[in-house]
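Understanding the architecture of this molecule
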Amino acid sequence: MAKTATLTFEDFKKEVLNDFKIATVSRECSLLGRKEVLTGKAKFGIFGDGKEVPQLALAKAFQNGDFRSGYYRDQTFMMAIGALTIEQFFAGLYGHADINFDPMSAGRQMGGHFATHSLDENGNWKNLTQQKNSSSDISPTAGQMPRLLGLAQASKIYRNVKELPEINNFSVNGNEIAWGTIGNASTSEGLFFETINAAGVLQVPMVMSVWDDEYGISVHAKYQTTKENISEILKGFQRDEENKGYEIFRVKGWDYPALVETYQKAAELARREHVPVLVHVQELTQPQGHSTSGSHERYKNAERLAWETTFDCIVQMKKWMIENSIATVEEIEEIEKASKKEVLEGKKTAWNTYLTAIKTEVAEAVQVLNNVAQHSENKVFIEKYSADLAAIKEPIRKDILVTARKVLRMLSGNDRASLAQWITSFSEKIQPKYSSHLFSESVRNAAATQEVLPTYDETAEEVDARLILRDNFDAIFAKYPETLIFGEDSGTIGDVNQGLEGMQEKYGEFRVSDAGIREATILGQGIGMAMRGLRPIAEIQYLDYLLYAIQIMSDDLATLQYRTHGRQKAPLIIRTRGHRLEGIWHSGSPMGMIINAIRGIHVLVPRNMTKAAGFYNTLLNSDEPALIVECLNGYRLKEKMPTNLGAFKTPIGIVETIKEGKDITLVSYGSTLRIVEQAAKELLEIGIDAEIIDIQSLLPFDVQKDIVKSVAKTNRLLVIDEDVPGGASAYILQEIIENQQAYKHLDSAPQTLTAKAHRPAYGTDGDYFSKPSAEDIYEKVYEIMHEAFPARFPKLY
């Protein structure tokens, strides 16, 4: 809302009445949405009733270029900024798998999870400064917080890094605010506190709204928050004349004019000064309870329910409008009546649109089934199946395939082949509606990058491998002004292994920076900045510590392209180091956990720093997120210095044969390869010629299926991995044996050699007795060869 002093009363009245109309439409959507779930048309509902008026006030302060990172009750806000229609609200509730009707997620998320499109249908950036933006919601409570930090930090980067282009699609002098919303109970989560602290340290333009209705599902605030008041316990964050911090506001959630004034103040402060702001919106209600899975009458007493009826924000807004002669009772009733009608018509339109495409598919299936029935001895049964399918009033696609696949069992000959072909064709057409865009489908996807080998001159020097990384990062920062790196010890000392030595001094603290010990928000910084066109590299000091951030990686980053049907992306590079050190906490290799949790992120495991540098170069030419695990014990090993730093590229999803052989295929990755190579040399001395393959990339895995070609030659397979038994080795074995069908070529049972089930004990002996050693590999290979050729290789034990 513009300041009231610049408005005539009639203009002011018109604006207020329009706000009230949006609020009543949103409330009616919530009420009718609940009914749609309870009657079975939708699976689940979680709505924004009770939060309408503060969201109207927030929307008034929200400008083009701004970003929201919110909570799944912000439907009124989305309607107020023009990013959500009634039809789209219900399309999301029904799970309409068409981006044209459910632009939030094409049916992939439950209703109440909102997003705008940062990308066009080809995966190209839109001009984000010319639209109001919402990052895609996730359900895990407080999971939106780390990303919020990065969205806000991007504005600070755009304002302060002068090498960036003055005109771009992402920022106007860093004037954009990142707006966060959260329920009061979710402020109990560690991610909330970690983000609040980090934003105060970084001093970024973030406005954090807490919608406080005193409950977290059925659990009262007295069990959630010390003093039952989040702004009270955060008072220590309040800035003063001597200390930077937050500006903290409290406002009643039913007080329309106070809300408008508060949000205007918050926006002005955050936008101009880059000061984070907390807005604690108190005395809100939740008229229908938490969700459609329960009733709030079960846990709220009569007194509370009566209070909620009186202090419902829409009820209070009506009262204020009447008292201030903005609207009469009759005008209000007319708006409410029109809203009910509009929502009902919108719901009907959304439902009919949702059903139309499916009913067309049902009709096609019925025709196919009736055709094959004509020549079948099971005609009567097939026609019954067909009739039952046709009779379903509100079908879903599952009904079509369940029926067709059951009929397939009743057919033989040409009729079975005909129906099988139709089922296959139908599945190929429909499956992408539910499975596409796990990875980028644009022309910049990582798989499209071609390998560029490192080049060397005749005087190429053998240097500490960390220098290759350092000098490659230098080339990257010079070439890509939008690239920045941050993490624990990344700045002043140039990371703990000196791979960034001198980079902060050369490129400044905004591009090469230290971060606190807070892995989840380091990831969040990267996600948010990547969503705004920057190319961040988020550094997690050790692979073990990645577990602090695995939830954010899994629930947010890995699913982003998928849950937006390719309309948002965050090409974040996550840098870490691990494998083969000593002790429980610095030598972990939980790759099985990682690769199964973060499908949607590439997982790259280079064996040396030249390969790692090549991965960074590759990824900066792509638009996909990735995790790069550098070998922790490789920084001081010697490698040749390439001449084409910043230009050579390691291909993603491609394995490399680093030693050819004829007797057995040994497959591994990372630091363990050096031990495999040592064992292979010793095996060669007794006539066992092993082929060694470096996986390089766990996700994606061997896209050219080169490992099976090796197994076809050697007829034996051993996977060596330093993860726990059944970890990454199980995944690797499935890829080779099942997906590549290597079982056809095996003369011996495929085997794995892994670390022990426990974490490695401290010291060199701890490593030796916990993880695969050269002797373990030698003896495992020998045992396999003994089984095949007992005379040549008599038992060792």
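What you are looking at is a predicted structure, and each value in this text was computed from that prediction instead of being measured.

**Focus: the overall build of the protein chain**
Within the protein chain one finds 27 helices and 22 strands. A compact globule built from 797 residues should have a C-alpha radius of gyration of about 28 Å, and the protein chain, at 30 Å, falls within 12% of that. The C-alpha extent of the protein chain, read off along each of the three principal axes, is 100 × 85 × 50 Å. The burial tally for the protein chain puts 60% of its 797 residues in the buried class. Relative to all contacts within the protein chain whose residues are 6 or more apart in sequence, the contacts with residues 24 or more apart total 79%. As presented, the protein chain carries roughly 32,200 Å² of accessible surface, and 51% of it is formed by carbon and sulfur atoms. Placing the 89 positive and 107 negative side-chain charges of the protein chain at their respective mean positions leaves the two points 4 Å apart.

**Comments concerning helix H16 (residues 465–479)**
Counting along an α-helix, one turn takes 3.6 residues, and residues three or four places apart therefore face a common direction. Under the 1.5 Å per step criterion, the end-to-end length of H16 is 22 Å for 15 residues, consistent within 8% with the ideal 21 Å. The element H16 is extensively covered by neighbouring structure, given that eleven of its 15 residues are classed as buried. Along H16, the residues that are buried comprise Ala465, Arg466, Leu467, Ile468, Leu469, Arg470, Asn472, Phe473, Asp474, Ile476 and Phe477.

**Focus: the sheet that holds strand E21 (residues 717–720)**
The mixed open sheet is built from five strands, whose spatial order is E17-E19-E18-E21-E22. Only two strands of the sheet have a single neighbouring strand rather than two, namely strand E17 (656–659) and strand E22 (751–753). Within the sheet, the average angular offset between the axes of one strand and its neighbour, ignoring direction, is 30°. Helix H23 (residues 672–684) contacts E17, strand E18 (664–668), strand E19 (690–694) and E21 of the sheet and is inclined by roughly 170° relative to E19. Lying on the sheet, helix H25 (residues 728–739) is in contact with E18, E21 and E22; it crosses E21 at an angle near 150°.

**Remarks on the layout of surface pockets**
By volume, the largest pocket is sized at about 640 Å³. What lines the largest pocket is a set of 30 residues, and nearest its centre among them are Tyr94, Gly95, Tyr354, Ile396 and Tyr434. Elements that contribute at least two residues to the lining of the largest pocket include exactly helix H4 (86–94), helix H11 (329–373), helix H13 (397–408) and helix H14 (413–430). The biggest single contributor to the lining of the largest pocket is H11, with four residues. Counted by class, the lining of the largest pocket contains 16 nonpolar, eight polar and six charged residues.

**Details of the nonpolar core**
With 88 residues, the main nonpolar core has Phe90, Trp179, Tyr263, Val279, Met321 and Trp422 as its most contacted residues. In terms of residue count, the dominant contributor to this core is H11 (15 residues). For Trp422, the residues in contact, after removing those within four places along its chain, are Glu364, Ala365, Val368, Ile400 and Ala404. Within the second largest apolar cluster, 85 residues are counted, among which are Leu191, Ile196, Met529 and Val708.

**So, the packing of helix H1 (residues 9–38) against helix H10 (residues 313–323)**
Here H1 crosses H10 at 155°, and the two axes come no closer than 11 Å. Judged by the inter-axis angle, H1 sits roughly antiparallel to H10. Handedness of the crossing formed by H1 with H10: left-handed. Of H10, the residues touching H1 (which contributes Phe12, Val16, Leu17, Asp19, Phe20, Ala23 and Arg27) are Cys313, Ile314, Met317, Lys318, Trp320 and Met321. Broken down by class, the residue content of the contact of H1 with H10 amounts to ten nonpolar, no polar and three charged.

**Side note on H11**
Across its 45 residues, H11 extends 64 Å between first and last C-alpha, which sits within 8% of the 66 Å expected from 1.5 Å per residue. At Thr356, H11 shows its largest bend, some 25°.

**Things to note about the side chain of Gln568**
Tracing the sequence through the fold places Gln568 in the loop between helix H20 (560–563) and strand E13 (573–578). For Gln568, the side chain forms a polar contact with the main-chain nitrogen of Ser136, separated by 3.0 Å. Non-local contacts of Gln568, meaning those with residues more than four positions away in its chain, are made with Ala115, Thr116, Ser118, Leu119, Ser134, Ser135, Ser136, Met531, Leu560 and Gln561.

**A short note on empty space enclosed by the protein**
Counted according to the given criterion, the structure contains four cavities of 30 Å³ or more. Taken as a whole, the largest cavity holds about 100 Å³ of empty space. In terms of lining residues, the largest cavity is bounded by 16 residues, among which Phe89, Gly92, Gly111, Gly112 and Phe114 are the most central. Its volume calculated, the second largest cavity comes out at about 50 Å³.

**Points about the sheet that holds strand E14 (residues 602–604)**
Taken in spatial order, the seven strands line up as E11-E10-E12-E13-E15-E14-E20 in an open sheet, and their pairing is mixed. Both edges of this open sheet fall to strand E11 (512–514) and strand E20 (697–699), since each of them pairs with a single strand only. Looking at each pair of strands side by side, their axes are set apart by 20° on average, direction ignored. Here E14 pairs with E20 via two bridges, running antiparallel. Paired with Val603 across the two strands is Leu699, which belongs to E20. Relative to strand E15 (residues 626–631), helix H22 (residues 609–619) is tilted by about 165°, and along the sheet it contacts strand E12 (535–539), E13, E14 and E15.

**Here we look at the packing of aromatic side chains**
Going through the model one piece at a time under the given rule, you end up with 28 aromatic pairs. Where Tyr782 meets Phe793, the ring centres are 5.7 Å apart and the plane angle is 80°; that geometry is what we call edge-to-face. Residue Tyr782 is located in helix H27 (residues 774–788), and its partner Phe793 is located in the segment after H27; the two are separated by eleven residues in the primary sequence. Grouped by ring-pair contacts, the aromatic residues Phe47, Phe89, Phe90, Tyr94, Trp351 and Tyr354 constitute a single cluster. Lying across the ring of Tyr215, Lys300 places its NZ or CZ 5.3 Å from the centre.

**Details of the pairing of strand E7 (residues 247–252)**
Bridge count for E7 against strand E8 (residues 277–282) is six bridges, and the pairing is parallel. By the bridge assignment for E8, Ile248 is matched with Leu278. After leaving E7, the chain enters helix H8 (residues 256–273) and then returns to the sheet as E8, a path that is right-handed.

**Details of the pairing of E8**
E8 sits mainly inside the fold: six of its six residues count as buried. Side chains Val277, Val279 and Val281 of E8 all project onto a buried face; the interleaved residues Leu278, His280 and Gln282 project onto the opposite face, where all are buried too. The pairing of strand E4 (residues 206–211) with E8 spans five bridges and is parallel. Looking at E8, one finds that Val210 is bridged to His280.

**A word on the packing of helix H2 (residues 52–61) against H8**
Here H2 crosses H8 at 35°, and the two axes come no closer than 8 Å. In this structure, the crossing between H2 and H8 has a hand that is right-handed. Counting all contacts with H2, which are made through Val53, Pro54, Ala57, Leu58, Lys60 and Ala61, the residues of H8 involved are Tyr256, Leu259, Val260, Tyr263, Gln264, Ala267 and Arg271. Grouping the amino acids of the contact of H2 with H8 by side-chain chemistry returns ten nonpolar, one polar and two charged.

**What to know about the environment of Phe477**
With respect to the element layout, Phe477 can be found in helix H16. Relative accessible area serves as the criterion here: at 2%, Phe477 is assigned to the buried category. In this structure, the C-alpha to C-alpha distance between Phe477 and Leu500, residues 23 residues apart in sequence, is 11 Å. When residues no more than four places from it in sequence are discounted, the contact partners of Phe477 are Thr483, Leu484, Ile485, Leu500, Met503, Tyr507, Arg511 and Val512.

About the cut-offs
- Residues numbered from 1 in each chain as written.
- Predicted model: local features only at pLDDT ≥ 70, side-chain atom pairs only at ≥ 80, totals over all residues.
- Heavy atoms only, no water.
- Helix = DSSP H or I, 4+ residues; strand = E, 2+ residues; numbered from the N terminus.
- Rg over C-alpha atoms; globule rule 2.2 N^0.38 Å.
- Buried < 20%, exposed > 50% of the residue type's maximum accessible area, 1.4 Å probe, protein only.
- Contact = heavy atoms within 4.5 Å.
- Areas by Shrake-Rupley, 256 points an atom, 1.4 Å probe, with all protein chains shown as cover.
- Lys, Arg positive; Asp, Glu negative; His and termini not counted.
- Charge placed at Lys NZ, Arg CZ, Asp CG, Glu CD.
- Expected span 1.5 Å × (residues − 1).
- Pairing = 2+ DSSP bridges.
- Axes fitted to C-alpha atoms, helices over the stretch in contact; angles between N-to-C directions.
- 1 Å grid on protein atoms, 1.4 Å probe; cavity = no way out; pocket = protein on both sides within 12 Å on 5 of 7 lines; lining within 4 Å.
- Points joined across faces, edges and corners; volume = space filled by probe spheres on them.
- Nonpolar A, V, L, I, M, F, W, Y, C, P; charged D, E, K, R; others polar.
- Core = buried A, V, L, I, M, F, W, Y, C linked by side-chain atoms within 4.5 Å.
- Parallel < 35°, antiparallel > 145°, perpendicular 65-115°, else oblique.
- Left-handed = near helix turned anticlockwise from the far one by under 90°.
- Bend = angle between axes of the 7 residues up to and from the residue.
- Polar contact = N/O pair within 3.5 Å; in protein donor to acceptor, adjacent residues only side chain to side chain.
- Phe/Tyr/Trp six-rings, centres within 6.5 Å; stacked < 30°, edge-to-face > 60°.
- Lys NZ or Arg CZ within 6 Å of the ring centre and 35° of its normal.
- Right-handed = clockwise from strand over helix to strand, strands pointing away.

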